[in-house]
Amino acid sequence: MGDPTTQAQVLEPAGRATLDAGAGTEAATPPSSAVPSGAAPQQPSTKKTMALVLIAALGMYIMSLTLGTALSLRLAAVDPAAKETSYGMAVSISSLLLLVTIPLTGALSDRTAGRFGRRRPWIIGGLVPALLAAAVIGTVPSTPVIVAAYVVALVSAQAAFNAYAVIPIEALPDNKRARVMGAMGMAGALAMSAGSYIAAWLVDAPLLMMCVPVLLALICSIPLLVMYKDPAKTRAELPPLDLKGLAKTFLVDPRKHPNFAWAWASRFLAGIAMTALFAYFIFFLMDGLGMPIAEAGKSAGLLTLISAPVSILFFTVSGWLSDKIGRRKPFVIAAALLMATALVIGATATSFEQFVVAWIVFAMGQAMYLTVDLALCAAVLPDAKDTGKDMAVFSLALSIPNIIVPAAAPAILAIGSGHNYGFLWFAAAALCALGSVTVTFIKGVR
């Protein structure tokens with residue numbers, strides 16, 4: 001979390017191997033069909049559900065896309081000499097834990113029984129401890145405490161986000177998903193801009209800087225939690241909770257599901273590019289362009305404000321166009337190449353204006369990628385019964401780079417005279433371009 005690599009994975013609940021042009025006419029099975037006649041809760045209309053999902057998305061994305069920026073600014077103030085190392089430690093440890101907690105909480109969410117449904121307890125139960133941990137980060141000026149609290153905050157917030165991300169799967173028809181994902185991406189673009197400005201405005205009030213994003217996620221989720229009737233399941237209707245057997249299912253056999261494996265690899269390589277840029281751009285503004293902390297925070301807000309219209313356009317148009325022509329792979333390939341190009345531009349930037357160009361180009365590619373790649377991934381999920389778990393496994397492709405990149409970055413940045421962001425971003429660009437190649441190996445998806 002803390003950068004756009006942590007996104008809602010709205011994936012296909014049916015384990016279909018292909019997604020052709022005709023698939024858009026199929027609707028997802030209504031959630032109420034899973035409960036006995038007469039016991040099914042009255043669901044809001046599709047349009048109302050979409051509105052509730054998007055309102056919650058705004059808060060969830062503000063939390064997701066602001067915590068990392070806020071952590072960067074907090075560590076730069078508390079531990080300026082070792083901010084990259086401290087940041088890398090916080091992100092790497094938390095992301096390593098997410099390798100276990102993301103699939104586990106997804107599977108547990110699938111298996112939660114009770115009158116409050118499967119998803120709502122995890123949303124609330126994740127946001128509350130995340131808020132408490134954020135308060136610790138904002139009040140205790142100790143790097144070890146900040147690192148430990150960030151781990152708690154991130155794991156808790158991700159559990160809430162994962163549970164929220166399943167709701168569109170259960171509530172929305174298949175032929176609307178790419179467009180809904182585009183709208184969610186649009187909310188994410190707005191949230192990223194708002195979140196950056198929140199962090200910049202509150203940089204001198206660290207408690208508020210850390211807590212406000214989580215509070216907004218909680219507040220924006222209230223309408224969804226109250227009005228969407230999360231379908232309750234009896235224990236007899238749920239898969240059995242076998243932790244030993246469940247652990248074995250976290251790894252999807254690439255021999256049995258090669259399309260899943262290629263899609264996962266593409267997301268992993270794109271995730272490296274996203275992490276490399278978003279985790280270190282504020283430090284680049286400070287060390288590469290010589291900005292003080294406050295100016296770097298304000299510049300981060302300006303960057304997201306400038307790119308927001310571009311992101312909104314590409315989120316909306318790419319999802320609509322991909323649905324319209326029934327093609328996914330060309331959009332994903334083009335998006336990966338755009339992100340790679342942007343990293344090269346950023347690596348060679350010597351002024352803020354040049355970096356703005358890189359940021360905008362990256363926003364174009366990222367918006368297209370996160371919109372259409374979700375629809376592509378929806379075609380290759382292996383099991384309809386474990387949607388939450390399989391969705392979480394896919395999200396690992398974007399989480400693992402949060403371990404690898406921060407762990408490797410201090411050594412890479414130290415090459416030469418230090419602060420070698422150019423080398424870091426050149427390497428990430430090459431891997432992102434390779435990710436565009438892996439997409440071509442996916443069969444049965446156009």
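Nothing here was measured: the structure is a model prediction, and the numbers come from that model.

Caption draft 1: Inspection of the packing of aromatic side chains at higher detail. Under the definition given, this model contains 16 aromatic pairs. With 5.8 Å between their ring centres and 85 degrees between their planes, tyrosine 87 and phenylalanine 283 make a pair best called edge-to-face. With tyrosine 87 in helix H2 (residues 83-110) and phenylalanine 283 in helix H8 (residues 258-287), this residue pair connects regions lying 196 residues apart in the sequence. Exposure remark for phenylalanine 283: the relative accessible area of 0% places this residue in the buried category.

Caption draft 2: Quick peek at the packing of H8 against helix H10 (residues 329-347). Remark: H8 packs on H10, axes separated minimally by 11 Å, with the N-to-C direction vectors making an angle of 30 degrees. With respect to H10, the axis of H8 lies roughly parallel. In this structure, the crossing between H8 and H10 has a hand that is left-handed. Contacts from Ser266, Ala270, Ala273, Met274, Leu277 and Phe284 of H8 reach H10 at Val332, Met339, Leu343 and Gly346. Counted by class, the contact of H8 with H10 contains eight nonpolar, two polar and no charged residues.

Caption draft 3: Highlighting the environment of leucine 208. With respect to the helices and strands, leucine 208 occurs in helix H6 (residues 206-227). Residue leucine 208 is classed as partly exposed on the basis of its relative accessible area of 46%. Beyond its immediate sequence surroundings of up to four residues, leucine 208 is in contact with Leu202 and Pro213.

Caption draft 4: Fine view of the nonpolar core. Counting 117 residues, the largest nonpolar core has Met60, Tyr164, Tyr280, Leu285, Phe355, Tyr369 and Trp425 as the members making the most contacts within it. Top element by residues in this core is H8. It accounts for 19 residues. Discounting residues that sit within four places of it in the chain, tyrosine 164 has contacts with Val53, Ala56, Ala57, Met60, Ile123, Met184 and Leu224.

Rules and cut-offs
- Residues numbered from 1 in each chain as written.
- Predicted model: local features only at pLDDT ≥ 70, side-chain atom pairs only at ≥ 80, totals over all residues.
- Heavy atoms only, no water.
- Phe/Tyr/Trp six-rings, centres within 6.5 Å; stacked < 30°, edge-to-face > 60°.
- Helix = DSSP H or I, 4+ residues; strand = E, 2+ residues; numbered from the N terminus.
- Buried < 20%, exposed > 50% of the residue type's maximum accessible area, 1.4 Å probe, protein only.
- Axes fitted to C-alpha atoms, helices over the stretch in contact; angles between N-to-C directions.
- Parallel < 35°, antiparallel > 145°, perpendicular 65-115°, else oblique.
- Left-handed = near helix turned anticlockwise from the far one by under 90°.
- Contact = heavy atoms within 4.5 Å.
- Nonpolar A, V, L, I, M, F, W, Y, C, P; charged D, E, K, R; others polar.
- Core = buried A, V, L, I, M, F, W, Y, C linked by side-chain atoms within 4.5 Å.

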